[in-house]
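Here are the chains, one letter per residue:
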Amino acid sequence: MLRTIKEAGELRGKRVLLRCDFNVPLDGDRVADDGRIRAAIPTIEHLAKAGARVIIVSHLGRPDGKPDPKFSLLPVAKRLADLLGQRVSFASDTVGASAHQNLQQLKDGDIALLENLRFNEGEASKDDSSRGAFAEQLAAFADLFISDGFGVVHRKQASVYELAKLVPSYAGFLVEKELEILQRLSASADRPYTVILGGSKVSDKLGVIEHLLPKVDRLLIGGGMLFTFLSAKGFKVGKSLLETEQVEKVRGFIEQAKNLGISLEIPSDVVVASRFAADAEFEVVDAERIEDSRFGVDAIGLDIGPRTSAKFAELISSSKTVFWNGPMGVFEFPNFASGTKAVAQALSGVSGTSVVGGGDSASAVRELGFSENAFTHISTGGGASLEFLEGKSLPGLEVLND
Ligand code: AMP
């Protein structure tokens, strides 16, 4: 059983180290999408109201173990203070002089954010002792540890795993909520149950397909990985993304779906472009005729076509449970966002459980202007939710189990 914040006992006066996932997209020194910050608010407010001295840690981007101003959490501190309507003191390092000085001044109910964890080599080091040593430095700040960075619970990193072994540790409200939804998806999904997978890398999603295929009624394939499926069916895909070494495996999935009577939906039309660019010329073609388009062998598939979008929308709308991970096309370019929009639109109208599985799909629904309330849940963790659904054990959760 997961130990949760409710079992943490008296919080007043306690120094509580809270791991959040504030890995948000930045636009210069402004937070471009604050979804992950807002998702952390209930836990932060609970701790502050209970009189804890709240010390928040997070990573942002991949700064490679040393300070890099591009990845500073300062814009996050400002946004967090705005959202809370409360001062958030910011330390310009994680375990150095600035952190110590900031934390000395913390009073009951105060909140501090320390600088990016990944400015320190120990955080994401492959070396156990280096991670252990960094976790010891963090542990010295804390009476209690609350793990609420759901987006990183699949990582064995110092502030996620080793730290939780050094001080009394509990899951925060966000981790609890994410798990509750994912457990519902894996154990008792109402039917029809549809999963939509997209994004760029098929190899990342093979494990999920393998695990989910026998459990779902419909599996819809979009994004860059659809071309590996088309190739497995014997079609040519021009210069579209293709993972040749996965074709055999994918052929196995197509066979398995047929045997199990599961509807595995591979697009029947796609939008192809002359090159990978926002202003590239494009046209819609049947999926088996990509190289017959006017771009010939140079055609690059960048979105699912309108016929496929309509079919996907219909399958989604008539489902009782839907999980979606990965955009259907290169939605960052408006000409290739239609498929992703159509899926988001249909998902927003589902009357049962609709879950957007983190990362790019979560940013896509917000960027495309959908209201968050239109979905049952928008996960803050793409990788973590996929690994959970794959049935893998997640180190950051294991360590919070009694
Ligand atoms: P992932 O991180 O695996 O969810 O991939 C998300 C990325 O996949 C987005 O940035 C999309 O632009 C990209 N993507 C979706 N469809 C395609 C495609 N057909 N070709 C190349 N990239 C794609």
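A brief structural summary. These numbers were taken from a predicted model, which means no experiment stands behind them.

### Considerations on the overall build of the chain
Turning to step 1, where the next piece is worked out: Across its full length, the chain carries 14 helices and 17 strands.
Turning to step 2, where the next piece is worked out: In terms of overall size, the chain behaves like a compact globule, its C-alpha atoms giving a radius of gyration of 22 Å where 402 residues would be expected to give roughly 21 Å.
Turning to step 3, where the next piece is worked out: The dimensions of the chain, computed from C-alpha atoms along their principal axes, are 70 × 45 × 40 Å.
Turning to step 4, where the next piece is worked out: A burial count over the chain gives 58% of its 402 residues as buried.
Turning to step 5, where the next piece is worked out: When the accessible surface of the chain is split by element, carbon and sulfur atoms take 48% of a total near 16,600 Å².
Turning to step 6, where the next piece is worked out: Averaging the locations of the 46 positively and 54 negatively charged side chains of the chain gives two centres separated by 2 Å.

### Notes on the packing of aromatic side chains
Each aromatic ring pair is summarised here by two numbers: the centre-to-centre distance and the angle between the ring planes.
Turning to step 1, where the next piece is worked out: Applying the stated criterion across every chain yields a total of 4 aromatic pairs.
Turning to step 2, where the next piece is worked out: Between the aromatic rings of F276 and F333, the centroid separation amounts to 5.4 Å while the plane-to-plane angle is 65 degrees, which identifies the pairing as edge-to-face. One end of the pair, F276, is in the loop between β12 (269-273) and β13 (282-286); the other, F333, is in the loop between β15 (321-325) and α11 (338-348), and 57 residues separate them in sequence.
Turning to step 3, where the next piece is worked out: Summarising the aromatic geometry, the rings of F370 and F375 are spaced 6.5 Å apart at their centres and angled 65 degrees between planes, so their arrangement reads as edge-to-face. Accessibility assignment for this pair places F370 and F375 in one class, buried.

### Quick notes on the pattern of salt bridges
Turning to step 1, where the next piece is worked out: By the definition in use, this model includes 26 salt bridges.
Turning to step 2, where the next piece is worked out: Between E176 and K6 there is a salt bridge whose closest N-O contact spans 3.0 Å. In this pair, E176 is assigned in helix α6 (residues 173-187) and K6 in the segment before β1 (15-19), connecting sequence segments 170 residues apart.
Turning to step 3, where the next piece is worked out: With relative accessibility at 24%, the residue E176 sits in the partly exposed group.
Turning to step 4, where the next piece is worked out: For K6, a relative accessible area of 60% gives the class exposed.
Turning to step 5, where the next piece is worked out: Linking R307 and D286 is a salt bridge whose minimum nitrogen-to-oxygen distance equals 3.0 Å. Here the residue R307 occupies a position in helix α10 (residues 306-317), and D286 occupies one in strand β13, the gap between them amounting to 21 residues.
Turning to step 6, where the next piece is worked out: With relative accessibility at 46%, the residue R307 sits in the partly exposed group.

### Digging into the nonpolar core
Turning to step 1, where the next piece is worked out: Core analysis: the biggest nonpolar cluster contains 97 residues, and L17, L219, F229, I290, I316 and W324 have the highest contact counts within it.
Turning to step 2, where the next piece is worked out: For L219, the residues in contact, after removing those within four places along its chain, are V195, L197, I209, L213, S263, L264 and E265.
Turning to step 3, where the next piece is worked out: Residues I37, I56, I111 and Y170 belong to the second largest nonpolar core, which totals 34 residues.

### Focus: the sheet that holds strand β14 (residues 300-304)
Turning to step 1, where the next piece is worked out: As summarised here, the arrangement of the 3 strands in space is β13-β12-β14, forming an open sheet in which the pairing is antiparallel. Strand pairing shows two members of the sheet lacking a second neighbour, β13 and β14, which therefore form its edges. Neighbour-to-neighbour, the strand axes of this sheet turn through a mean angle of 40 degrees, independent of strand direction.
Turning to step 2, where the next piece is worked out: In this structure, β12 lies alongside β14, joined through 4 bridges in antiparallel fashion.

### As for the site of the ligand
Turning to step 1, where the next piece is worked out: Taken together, 16 residues lie near the ligand, and S200, G301, G329, E332 and D360 sit nearest.
Turning to step 2, where the next piece is worked out: In the environment of the ligand, an oxygen atom lies 3.0 Å from a nitrogen or oxygen atom belonging to the backbone of S200.
Turning to step 3, where the next piece is worked out: At 3.3 Å from an oxygen atom of the ligand is found a side-chain nitrogen or oxygen belonging to K205.
Turning to step 4, where the next piece is worked out: Taken together, the residues of the shell around the ligand sort by class into 6 nonpolar, 6 polar and 4 charged.

### Comments concerning unusual backbone geometry
Turning to step 1, where the next piece is worked out: For the peptide bond that leads from R191 to P192, omega is 0 degrees, which places it in the cis range.
Turning to step 2, where the next piece is worked out: Following the sequence through the fold, P192 ends up in the loop between α6 and β9 (193-197).
Turning to step 3, where the next piece is worked out: The residue D64 is not glycine, and still its phi comes out positive at about 70 degrees.
Turning to step 4, where the next piece is worked out: When you line up the elements, D64 lands in the loop between β4 (53-57) and α2 (74-84).

### Topic: the environment of P192
Turning to step 1, where the next piece is worked out: The class for P192 is partly exposed, based on a relative accessible area of 23%.
Turning to step 2, where the next piece is worked out: Along the backbone, P192 and V24 are 168 residues apart, and their C-alpha atoms lie at a distance of 34 Å.
Turning to step 3, where the next piece is worked out: Every residue in contact with P192, bar those within four places of it in the chain, is listed here: D217, R218, S318, S319, K320 and T321.

### Let's talk about the packing of helix α1 (residues 35-49) against α2
Turning to step 1, where the next piece is worked out: Where α1 meets α2, the axes come as close as 11 Å, and the angle between the chain directions of the two elements is 60 degrees. Classified by the angle their axes make, α1 and α2 are oblique. Here α1 and α2 pass one another in a crossing that is right-handed. Seen from α1, the contacting residues are I37, R38, I41, I44 and E45; seen from α2, they are V76, R79, L80, L83 and L84.
Turning to step 2, where the next piece is worked out: Split by residue class, the contact of α1 with α2 holds 7 nonpolar, no polar and 3 charged.

### Notes on the sheet that holds strand β16 (residues 353-356)
Turning to step 1, where the next piece is worked out: The parallel open sheet is built from 6 strands, whose spatial order is β11-β10-β9-β15-β16-β17. Looking at the sheet topology across the chains shown, the edges are occupied by β11 (263-265) and β17 (377-378).
Turning to step 2, where the next piece is worked out: Pairing analysis gives 3 bridges linking strand β10 (residues 218-221) to β11, with the strands arranged parallel. In the sheet register, L220 faces β11, and the bridge partner there is E265.

What counts as what
Residues numbered from 1 in each chain as written. Predicted model: local features only at pLDDT ≥ 70, side-chain atom pairs only at ≥ 80, totals over all residues. Heavy atoms only, no water. Helix = DSSP H or I, 4+ residues; strand = E, 2+ residues; numbered from the N terminus. Rg over C-alpha atoms; globule rule 2.2 N^0.38 Å. Buried < 20%, exposed > 50% of the residue type's maximum accessible area, 1.4 Å probe, protein only. Areas by Shrake-Rupley, 256 points an atom, 1.4 Å probe, with all protein chains shown as cover. Lys, Arg positive; Asp, Glu negative; His and termini not counted. Charge placed at Lys NZ, Arg CZ, Asp CG, Glu CD. Phe/Tyr/Trp six-rings, centres within 6.5 Å; stacked < 30°, edge-to-face > 60°. Salt bridge = Lys/Arg side-chain N within 4 Å of Asp/Glu carboxyl O. Core = buried A, V, L, I, M, F, W, Y, C linked by side-chain atoms within 4.5 Å. Contact = heavy atoms within 4.5 Å. Pairing = 2+ DSSP bridges. Axes fitted to C-alpha atoms, helices over the stretch in contact; angles between N-to-C directions. Near = heavy atom within 4 Å. Polar contact = N/O pair within 3.5 Å; in protein donor to acceptor, adjacent residues only side chain to side chain. Nonpolar A, V, L, I, M, F, W, Y, C, P; charged D, E, K, R; others polar. Parallel < 35°, antiparallel > 145°, perpendicular 65-115°, else oblique. Left-handed = near helix turned anticlockwise from the far one by under 90°.

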